[in-house]
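# Examining the three-dimensional arrangement
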Amino acid sequence: MGPAVFEGEGVGEFIHVVCVTGELDLSNSSGLVRQVESAVRTGRNCVVIDLTGVTHMDSTGLAALIESHHLTHARRGRLALVARSDSIRRTIEVRGLDRLFTILPTREEGVDAVGEGADLA
């Protein structure tokens, strides 16, 4: 599969879901950060990044996830990741980032996790 494609969608008033498909790497990880920046600028500070369609992620992809976490938390929001692939989960876990992120197996669980108390954000 080729470079990452990012598709964003609003869910309710405060939640934004970004679906990533393809390879999340140096050539395109800034696109993920731009999606999250745009969402938080419009008041959607609770973000779910769906990595289900990601076939490969390098350290710049991880850095983009960390930056996305900082962006949402700076706006008193939440971030959750959806990751089903063992290799993507391992990439996150090996670097100890599973302690930073809420990682869930489905998009619905991600939306529920970031949506808890979102009306107070």
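Now for a look at the structure at hand. Computed from a prediction, not measured in an experiment: that's the story for all the values here. Going along each chain's sequence as written, the residues are numbered from 1 onward. Reporting in this predicted model follows two pLDDT cut-offs: at least 70 for local features of residues, and 80 or more for side-chain atom pairs to be given and counted; totals over whole chains, interfaces and linings ignore these cut-offs and use all residues. For side-chain calculations, the full set of non-hydrogen atoms in the structure is used, while hydrogens and water are omitted.

## Some points on the packing of helix α1 (residues 29-41) against helix α2 (residues 59-74)
Geometry of a packed helix pair, given as the angle between the helix axes and the separation of the axes. The axes are straight lines fitted to the C-alpha atoms, using for helices just the contacting stretch, and the angles between their N-to-C directions are given from 0 to 180°. In DSSP terms, a helix is any run of H or I states spanning at least four residues, a strand is any run of E spanning at least two, and both are numbered starting from the N terminus. Interhelical geometry of α1 versus α2 gives an angle of 10° and a closest axis separation of 8 Å. Considered as vectors, α1 and α2 are oriented roughly parallel to each other. When α1 is examined against α2, the residues Ser29, Leu32, Val33, Val36, Glu37 and Val40 are found in contact with a partner set consisting of Thr60, Gly61, Ala64, Leu65, Glu67, Ser68, Leu71 and Thr72. Side-chain classes follow a simple rule in which Ala, Val, Leu, Ile, Met, Phe, Trp, Tyr, Cys and Pro form the nonpolar group, Asp, Glu, Lys and Arg form the charged group, and the remainder, Gly included, forms the polar group. Partitioning the contact of α1 with α2 into residue classes produces seven nonpolar, five polar and two charged. The cut-offs work like this: below 35 degrees is roughly parallel, past 145 is roughly antiparallel, 65 to 115 is roughly perpendicular, and the gaps in between are oblique. Residues are treated as being in contact if the distance between any of their heavy atoms lies within 4.5 Å.

## Considerations on the nonpolar core
Working definition of a nonpolar core: buried Ala, Val, Leu, Ile, Met, Phe, Trp, Tyr and Cys residues. They are joined through side-chain atoms within 4.5 Å. The cut-offs for exposure are 20% and 50% of the maximum accessible area for each residue type, with area from a 1.4 Å probe on protein chains only; residues under the lower value are buried, those over the upper are exposed, and the others partly exposed. Residues Val20, Leu32, Ile49, Leu51 and Ile92 are the most contacted members of the largest nonpolar core, which totals 25 residues. Elements with a minimum of two residues in this core: β2 (15-24), α1, β3 (46-57), α2, β4 (78-82) and α3 (86-94). It is β3 that contributes the most residues to this core, five residues altogether. Formed by ten residues, the second largest nonpolar core is a distinct cluster that contains Val17, Ala80, Leu104 and Val111.

## What about the pairing of β4?
Most of β4 sits out of view: four of its five residues are buried. Relative to β4, β3 runs parallel, the two being bridged by five bridges. Note on β4: the bridge partner recorded for Asp50 is Val82. As defined by bridge partners, β4 adjoins strand β5 (residues 102-104) across three bridges and the pair is classed as parallel. Paired with Ala80 across the two strands is Thr102, which belongs to β5. Two strands qualify as a pair provided that DSSP identifies no fewer than 2 bridges between them.

## Digging into the sheet that holds β4
If you walk across this open sheet you meet the five strands as β1-β2-β3-β4-β5, and the pairing is mixed. Edge positions in the sheet fall to β1 (5-11) and β5, since each has one partner strand and no second. When strand polarity is set aside, the average angle formed by the axes of neighbouring strands in this sheet is 20°. Relative to the sheet, α2 contacts β2, β3 and β4, its axis offset from that of β4 by approximately 150°.

## Comments concerning the side chain of Asp25
In this structure, Asp25 sits in the loop between β2 and α1. The buried charged residue Asp25 lacks any salt bridge, with Arg34 as its nearest oppositely charged partner at 11 Å. Within the local environment of Asp25, its side chain forms a polar contact with the side chain of Ser27, the two groups lying 2.7 Å apart. The residues contacting Asp25, other than those within four sequence positions of it, are Asp58 and Thr60. Two residue types count as positive, namely Lys and Arg, and two as negative, namely Asp and Glu; His and chain ends fall outside the count. Whenever Lys or Arg places a side-chain nitrogen within 4 Å of a carboxyl oxygen from Asp or Glu, that contact is recorded as a salt bridge. Think of a polar contact as two N or O atoms within 3.5 Å of one another; within protein, one of them needs to be a possible hydrogen donor and the other a possible acceptor, and neighboring residues in sequence only count if both atoms come from side chains.

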